[in-house]
Amino acid sequence: VTTRYPFEDAVRIRVEHCDTPTLSLSVRRPYHAAVRLNGAPVADGLGLLTVTEAMRSGDEFHLEFDFTVETHLNQDQTSSVFRGPMLYCQKLEAREIYLGGVRPFHDRAFEPVDRHRYILLVKQGEAVVEGFREGVASDDFYQNDRGVDVAAIDLATQKRVVLPLYPYGTATLRYTHFATREVQR
């Protein structure tokens, strides 16, 4: 199995060795995934999908996800940005405060250094996406900065800016709930 899911939109399963005449593979197929065997689409269906085929070494299954950027309205009337299963956030620069104990297993707190606030620009309720960043190619979840760039208003300057958002777990301090402003164009 080769994957960098959820940072990438695909999972590849390769048959390395097969001595049986047929092989069954069961995968959970979400609504937004296409399943292919050796490049050919596999029958439609949602939920648990079982493919039973004559297999040989080198055959490949691909699950391809069509992740779009979605804006979800929160109970406090703010919005959060998702791409597939990933929640995105604004990273805040932080200063670590030592509270006591023996390093590296010590008690600490973090204080935000950067207190910039932004309003997300949305069109028909969805974040205005300016682009995507591939980020750091690493197997370490915390080093992966694949992100989404969205349009925003910097409240300090009242100017439109591109706000880089990052996967939630990659930041020590972060904002995930944003006020929004509808744009007409």
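Fair warning: this is a prediction, and the values are worked out from it, not measured in the lab.

Now for the packing of aromatic side chains. Applying the stated criterion across every chain, the model contains one aromatic pair. Ring centres of F65 and F67 lie 5.2 Å apart, and the angle between their planes is 10°; this geometry places the pair in the stacked category. F67 matches F65 in its accessibility class, with the two residues each being buried. The ring of Y166 is capped by K91, whose NZ or CZ atom sits 4.5 Å from the centre of that ring. If you follow R174 out to its NZ or CZ, it ends over the ring of Y168, 3.9 Å from the centre.

What follows concerns the pattern of salt bridges. When their charged atoms lie close together, side chains carrying opposite charge are able to pair. Across all of its chains, the model carries eight salt bridges by this definition. With a shortest N-O distance of 3.5 Å, R14 and E16 are connected by a salt bridge. Residue classification places R14 among the partly exposed residues on the basis of a relative accessible area of 36%. Among the ionic pairs, R95 bridges to E111, the shortest N-O distance being 2.3 Å. Of the two residues, R95 is situated in strand 11 (residues 94–102) and E111 in strand 12 (residues 105–112); the sequence distance between them amounts to 16 residues. Connected via shared salt-bridge partners are R12, R14, E16 and E60.

Definitions and limits used
Residues numbered from 1 in each chain as written. Predicted model: local features only at pLDDT ≥ 70, side-chain atom pairs only at ≥ 80, totals over all residues. Heavy atoms only, no water. Phe/Tyr/Trp six-rings, centres within 6.5 Å; stacked < 30°, edge-to-face > 60°. Buried < 20%, exposed > 50% of the residue type's maximum accessible area, 1.4 Å probe, protein only. Lys NZ or Arg CZ within 6 Å of the ring centre and 35° of its normal. Salt bridge = Lys/Arg side-chain N within 4 Å of Asp/Glu carboxyl O. Helix = DSSP H or I, 4+ residues; strand = E, 2+ residues; numbered from the N terminus.

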